[in-house]
Amino acid sequence: MGADNAAPAAAKVSDVISTYRPTRLFKSPGVQCTSLDFDTSGELMLLARTDDTLQIYNTKAGAHAKELKSQKYGCALARFTHHANSIIYASTKVDDGIRYLSTHDNSYIRYFKGHTKRVTALTMCPSNDTFLSASLDDTVKLWDLRSASPQGSLNLYGAYLTAYDPSASVIAIASPPTQSILLYDLRNFDKPPFATFDLQEIERRFSHYAQKQGEGWTSLEFSNNGKYILLGTNGPGHFVLDAFEGKLEAYLYRAHGPTPFPSILQSNGAPASHHTSSLQGDACFTSDGRYVVSGSAQPGLLVWDVDQGQKNREGRMDPITDLPAPKISTIVGVNPRYNLLATAGTEVVLWLPDPDLA
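Residues numbered from 1 in each chain as written. Predicted model: local features only at pLDDT ≥ 70, side-chain atom pairs only at ≥ 80, totals over all residues. Heavy atoms only, no water.

Looking at an unreviewed UniProt entry, the protein carries the name WD repeat-containing protein 82, with the source organism given as Neodothiora populina. Regarding the protein, the relevant UniProt record gives this comment under Sequence similarities (unreviewed entry): "Belongs to the WD repeat SWD2 family." Note on the protein: under the UniProt heading Subcellular location (unreviewed entry), the record states "Nucleus". (UniProt positions renumbered as here; feature names shortened; annotations may be inferred.)

What follows is the structure, given as structure tokens:
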């Protein structure tokens, strides 16, 4: 596959969303990618893999840039800090610590220890050097990159997913076992949540699509415009909620049925093990907050128009387009600066708009 540089960031997402096509393919036979992240500039992409390596790609050049090994401790949920030459990631072996690594010389800057079970979410603050972690030990911790000790800690049953809102003033914490999303004022992290969204009735409404309640939650994200919260699942649909009231905006239905991807919880409700409890989800917002892009049980990507898509009476919304690809994608990411998508599974694929389809 051939590719030029990423499309200009100035191009409106709505003008190109249906024209994305695979343009670069990187094979990793027998190895599964478990997380995907872009740096602030959008030029670098970071992946964690089940072979205990971290892979960095240059998205503008469409080329692999660096491999970093974490053989002793494993790696998952790798995230860029606000400095492109440093990252954080969760251990999957030996301990349940979080490691802060300089990619320039492959040396550790700091270790963040405190979790006693597998870390299930790592989320960098959009405005400063703090970050959130959630774990199977039923705690959510707030950290600062400059200190090895947590700045705060919450004890919450089943609190496995975290997200910052775009203003970095609100955090959302999702608990699949209790089917709830809690909103906290970050300035009062130790105070009770100011809002609780109960999804039990919402999920029950779509159970006839084989949407299993609570157990399939895989990702949590605010849209960049602050209007929506996306709750990604490994089932036949994702949930888009009003970020202020928690009411359902749309159930993003993928007609091919449940995807074959693991989630934090197994079907019996018990925590998944090793990499599967730290696997990033396969749905995310585009940079304008209007669209959601997701994988499917079929090769390719699905796209929903959250703002203007048609919904039926119960709130189900079908995709507006199906972007063709040769492989199933288990992880999906949107570049923050350029009109570029990335997907990963056993292969890493970069997607750009095709000018001939515009």
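Asker: So what's going on with the overall build of the protein? Residues and values would help.
Answerer: The number of helices and strands found in the protein is 2 helices and 29 strands. For the protein, whose C-alpha radius of gyration is 19 Å, the value lies close to the compact-globule estimate of 21 Å for 358 residues. Projected onto the principal axes, the alpha-carbon positions of the protein cover approximately 50 × 45 × 35 Å. The buried share of the protein, reckoned over its 358 residues, is 61%. Roughly 14100 Å² of accessible area belongs to the protein as shown, and the carbon and sulfur atoms make up 48% of that amount. The averaged location of the 36 negative side-chain charges in the protein is 3 Å from the averaged location of its 32 positive side-chain charges. (Helix = DSSP H or I, 4+ residues; strand = E, 2+ residues; numbered from the N terminus. Rg over C-alpha atoms; globule rule 2.2 N^0.38 Å. Buried < 20%, exposed > 50% of the residue type's maximum accessible area, 1.4 Å probe, protein only. Areas by Shrake-Rupley, 256 points an atom, 1.4 Å probe, with all protein chains shown as cover. Lys, Arg positive; Asp, Glu negative; His and termini not counted. Charge placed at Lys NZ, Arg CZ, Asp CG, Glu CD.)

Asker: If you had to explain the side chain of serine 296 to someone new, which residues and values would you point to?
Answerer: Topologically, serine 296 is positioned in the loop between strand E23 (291-294) and strand E24 (301-305). Of the polar contacts made by the side chain of serine 296, one reaches the backbone nitrogen of glutamine 298; its length is 3.1 Å. (Polar contact = N/O pair within 3.5 Å; in protein donor to acceptor, adjacent residues only side chain to side chain.)

Asker: Account for the sheet that holds strand E25 (residues 316-317), naming residues and giving values.
Answerer: If you trace the 5 strands from one edge of the open sheet to the other, you get E18-E19-E20-E21-E25, paired in mixed fashion. This sheet does not close on itself; its edge strands, each paired only once, are strand E18 (217-222) and E25. Taken together, the 5 bridges between strand E20 (residues 237-242) and strand E21 (residues 248-253) define a ladder with antiparallel strand orientation. From the neighbouring strand, histidine 238 faces E21, where its bridge partner is leucine 252. (Pairing = 2+ DSSP bridges.)

Asker: Break down the nonpolar core for me, with residues and values.
Answerer: Ile181, Leu183, Leu220, Phe222 and Ile229 are the most contacted members of the largest nonpolar core, which totals 24 residues. Contributions of two or more residues to this core are made by strand E14 (161-164), strand E15 (170-175), strand E16 (180-185), strand E17 (195-198), E18, strand E19 (228-233), E20 and E21. Contacts of isoleucine 181, omitting those with residues within four sequence positions, involve Ala172, Ile173, Ala174, Ala195, Thr196, Phe197, Leu199, Leu220 and Leu241. By size, the runner-up hydrophobic cluster in this structure holds 17 residues, among which are Val140, Ala159, Ile173 and Leu182. (Core = buried A, V, L, I, M, F, W, Y, C linked by side-chain atoms within 4.5 Å. Contact = heavy atoms within 4.5 Å.)

Asker: Outline the state of the cysteines, listing residues and values.
Answerer: According to the stated counting rule, one finds 0 disulfides in the structure shown. Looking at cysteine 33, it has no disulfide partner, and the nearest cysteine sulfur is the one in cysteine 75, 10 Å off. Residue cysteine 33 is classed as buried on the basis of its relative accessible area, which comes to 1%. The closest cysteine sulfur to the non-disulfide-bonded cysteine 284 is located on cysteine 33, 15 Å from its own sulfur. According to the relative accessible area criterion, cysteine 284 is buried, its value standing at 8%. (Disulfide = S-S within 2.5 Å.)

Asker: Mind laying out the side chain of aspartate 137, listing which residues take part and the relevant values?
Answerer: Inspection of the secondary structure assignment puts aspartate 137 in the loop between strand E11 (130-135) and strand E12 (139-144). A distance of 2.7 Å separates polar atoms of two side chains, one belonging to aspartate 137 and the other to threonine 139. In this structure, aspartate 137 is in contact with Gly114, His115, Thr116 and Lys117, ignoring residues within four places of it in sequence.

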